[in-house]
Amino acid sequence: MMIYNIDNNTCLERIPVFFLTDYTDKEVTVMISSVYSYYMSQYGHKVNTKHDSHTKNQLKNTYSKVLKLNSQSPTYKIDISEAAQKYAIDLKENARELSNIAMELSDSYDGSITYKKTATSSNENAVEVTYLKNSTDKEAEGFEINVSQLAARQTNTGNFLQPNSTLITPGTYSFDLSINNLTYEFEFNVSENESTNDIQNKLSRLINRSNIGLHSEVITDSISNSAISITSDATGLPDAGQATIFDIRANSDSLNENNLNLIDTLGLNRIASYPSNAIFEINGQQRISPTNEFNIGKAYAITLKDITAESVQIGLSANADSVTESISELMSGYNNMVSITMNADNNRFAGNAKLQKDFMHIAKIHSQELSRSGILVDDNGQISIDSDTIKEMAESDSLNNVFKSLNSFKNAIQNKADHIAINPMNYVNNKIVAYKNPQRQLTDPYNLSAYTGMMFNSYM
């Protein structure tokens, strides 16, 4: 069944719906529970890709395909055994995955095969870049970036004091620490014979345990004097024109001399470095970011690491690793489909042998072209790749030959995967009950009930 969020028309669950007859309520409940458990354990963890979201026109086109298929198909008595349901689920989900992989490796303009894109930076030491897979070609246009300032954290470094001194008298102390428009009160006791270093470590642990976005440690100088250092986790200037991320001062409710002495003696409010925003230019236009990590559109994830003396070029390029990864992913999706047909347990289904032959046929007619690109087909139709050969061709600018041989193969397996996904129940042991009238073909809405739920899962 499919569970929908009515507010946003989003499919929340995708569970096969089967047309059940001649079963008791108890048998039906057990059957649905079993197939649901199998589906969730095998495929429930998968995350939807951008290819699982569809426009109204795409949905209408798919619906038209179903109606056409329905009008040409006889009426079946469908095998709804537990094994058949699991087999259909395996076909459906692996076919969808293979189709999505093929679409991911298809050019958005002409549908020809393309490689996974790899983002490059002309100066990785200054600007690091990662390509975001959910971007479009238009968004992924290259650009140049100049970095004039990095985003920085605020650091308070206290006074360096002789660690064994006893500058703080015993008693109860408190101070306020303001961060993110919130004020926290810290209170602690100083016991007899506690040294300055003991108090510094106590305060450092107290701040770290509070988990308010600060990191504290006790540092030493060249002559072994110690000081407490407090650094913000966040970078950049806060809102409302504030110059600092956090501020430490004596407790406003008890401005006694001891608390003031604590702040002044340890130097808790002594700012060693102020926070700052990152300042950079993209194609000559200045931008500001509170962090050194940000996205440019939906195409690039940028990490600023250093100031640049000259422009850094950001763009996409092919390399041997990205080409090999692309081909490996496509072949892995294909092999997963073939492995289902090669499973001996699935030979009980009449359509499995035909499905096996279909994949063998696709592999056979493309085997010679594939072999020239380092892609080998074995006797069972499984495919293996010679990574070294592919990398050599990539490095020798022979990628066009690789893509040309792969393109027709990709299109063939994608068409087959789409056909399987529309009607996975076509491959189980169905018995024909009645043929359609060849003179007048009509759609039969009840004939679709066996796989309609599997048909529209993940559609939005």
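Bear in mind the structure is a predicted one, so any value in this text is a computation, not a measurement. (Residues numbered from 1 in each chain as written. Predicted model: local features only at pLDDT ≥ 70, side-chain atom pairs only at ≥ 80, totals over all residues. Heavy atoms only, no water.)

> Is there a simple way to explain the overall build of the chain in this structure?
The helix and strand tally for the chain stands at ten helices and 21 strands. Classification of the 460 residues of the chain by burial places 42% in the buried group. Here the analysis covers contacts within the chain between residues at least 6 apart in sequence; of these, 74% occur between residues at least 24 apart. (Helix = DSSP H or I, 4+ residues; strand = E, 2+ residues; numbered from the N terminus. Buried < 20%, exposed > 50% of the residue type's maximum accessible area, 1.4 Å probe, protein only. Contact = heavy atoms within 4.5 Å.)

> Sorry, what's going on with the sheet that holds strand S9 (residues 182–190) here?
Strands sit in the order S9-S8-S12 across an open sheet of three strands; the sheet is antiparallel. The open sheet terminates on both sides in strands that have one partner only, identified here as S9 and strand S12 (246–250). For this sheet, the mean inter-axis angle between neighbouring strands, taken without regard to orientation, is 25°. One ladder, built from five bridges, connects strand S8 (residues 171–179) with S12; its direction is antiparallel. For Leu-177, the partnering residue across the bridge sits in S12 and is Ile-248. Where helix H5 (residues 257–266) meets the sheet, its contacts fall on S8, S9 and S12, and the angle it forms with S8 comes to roughly 60°. (Pairing = 2+ DSSP bridges. Axes fitted to C-alpha atoms, helices over the stretch in contact; angles between N-to-C directions.)

> How should the confidence of the model for the chain be read in this particular structure?
Detailed conclusions should not be drawn from predicted coordinates in areas where pLDDT is low. The share of residues in the chain with pLDDT of 70 or more is 78%, and the mean pLDDT across the chain is 81. The low-confidence segment residues 1–31, where pLDDT is below 50, has 61 contacts with residues more than four positions distant or belonging to other chains. Low pLDDT (under 50) marks residues 455–460, which in the prediction has 28 contacts with non-local residues, meaning those over four places away or in another chain. (pLDDT = per-residue confidence, 0-100.)

> Teacher, can you tell me more about the nonpolar core here?
It is characteristic of soluble globular proteins that their nonpolar side chains tend to be buried jointly. Membership of the largest hydrophobic core comes to 35 residues, with the highest contact counts inside it found for Tyr-87, Leu-91, Leu-330, Met-331, Tyr-334, Phe-409 and Ile-420. When contributions to this core are tallied by element, the ones reaching two or more residues are helix H3 (82–104), helix H6 (320–342), helix H7 (350–371) and helix H9 (399–422). Ignoring sequence-local partners within four residues, the contact set of Tyr-87 consists of Ile-340, Asn-346, Phe-349, Asn-352, Leu-355, Tyr-427 and Val-428. If you look at the next biggest cluster of nonpolar residues, it comprises 24 residues, including Phe-175, Ile-228, Leu-262 and Leu-268. (Core = buried A, V, L, I, M, F, W, Y, C linked by side-chain atoms within 4.5 Å.)

> Sorry, what's going on with the pairing of S8 here?
Walk down a regular strand and you will see the side chains alternate between the two sheet faces. Taking burial as the measure, the nine residues of S8 include seven buried ones, the bulk of the element. Pairing analysis gives nine bridges linking S8 to S9, with the strands arranged antiparallel. In the strand pairing of S9, Ile-179 is matched with Leu-182. Counted between consecutive antiparallel strands, the loop separating S8 from S9 contains two residues, among which Asn-180 sits at a positive phi close to 55°.

> Would you explain the packing of aromatic side chains in this entry?
Two aromatic rings, taken as a pair, are described by how far apart their centres are and by the angle between their planes. Per the counting criterion, the structure on display carries eight aromatic pairs. Arranged with centres 5.8 Å apart and planes meeting at 75°, the rings of Tyr-334 and Phe-359 form a pair that is edge-to-face. In this pair, Tyr-334 is assigned in helix H6 and Phe-359 in helix H7, connecting sequence segments 25 residues apart. Exposure class is identical for Tyr-334 and Phe-359. Each is buried. Three or more aromatic residues joined by ring pairs form one cluster here, namely Tyr-131, Phe-143 and Tyr-300. (Phe/Tyr/Trp six-rings, centres within 6.5 Å; stacked < 30°, edge-to-face > 60°.)

> Please clarify how the pattern of salt bridges should be interpreted in this entry.
Opposite charge on two side chains allows them to pair when their charged atoms are near. What the rule picks out here adds up to seven salt bridges. Across the pair Glu-93 and Arg-96 runs a salt bridge whose closest N-O atoms are separated by 3.0 Å. With Glu-93 and Arg-96 both in helix H3 and three residues apart, this pair spans about one turn of that helix. Accessibility expressed as a relative area gives 3% for Glu-93, which makes it buried. Owing to a relative accessible area of 12%, Arg-96 belongs among the buried residues under this scheme. A salt bridge links Lys-202 to Glu-194; its shortest N-O distance comes to 3.0 Å. Overall, the relative accessible area of 22% leaves Lys-202 in the partly exposed class. The exposure class of Glu-194 is buried, given its relative accessible area of 17%. Overlapping salt bridges bring together Lys-354, Asp-358 and Lys-416 as one network. (Salt bridge = Lys/Arg side-chain N within 4 Å of Asp/Glu carboxyl O.)

> Before we go on, may I ask you to explain H3 in this structure?
Residues spaced three or four apart along an α-helix face the same direction, because each turn holds 3.6 residues. Between its first and last C-alpha atoms H3 spans 33 Å; for 23 residues at 1.5 Å apiece the expected length is 33 Å, and the two agree. Of all 23 residues in H3, 17 are buried; the element is thus mostly enclosed. (Expected span 1.5 Å × (residues − 1).)

> Honestly, the environment of Leu-105 in this entry has me stumped. Any pointers?
Note that Leu-105 resides in the loop between H3 and strand S4 (118–121). Residue classification places Leu-105 among the buried positions, given a relative accessible area of 2%. Linking Leu-105 and Asn-407, residues 302 residues apart in sequence, is a C-alpha distance of 9.9 Å.

> How should the sheet that holds strand S17 (residues 300–304) be read in this particular structure?
By way of backbone hydrogen bonds, the strands of a sheet pair with one another, either parallel or antiparallel. With antiparallel pairing, the three strands of this open sheet are ordered in space as S5-S17-S16. At either end of the open sheet lies a strand with only one pairing partner, and these are strand S5 (127–131) and strand S16 (293–296). Pairwise comparison of adjacent strand axes, ignoring direction, gives a mean angle of 25° for this sheet. As defined by bridge partners, S5 adjoins S17 across five bridges and the pair is classed as antiparallel. For Val-129, the partnering residue across the bridge sits in S17 and is Ile-302.

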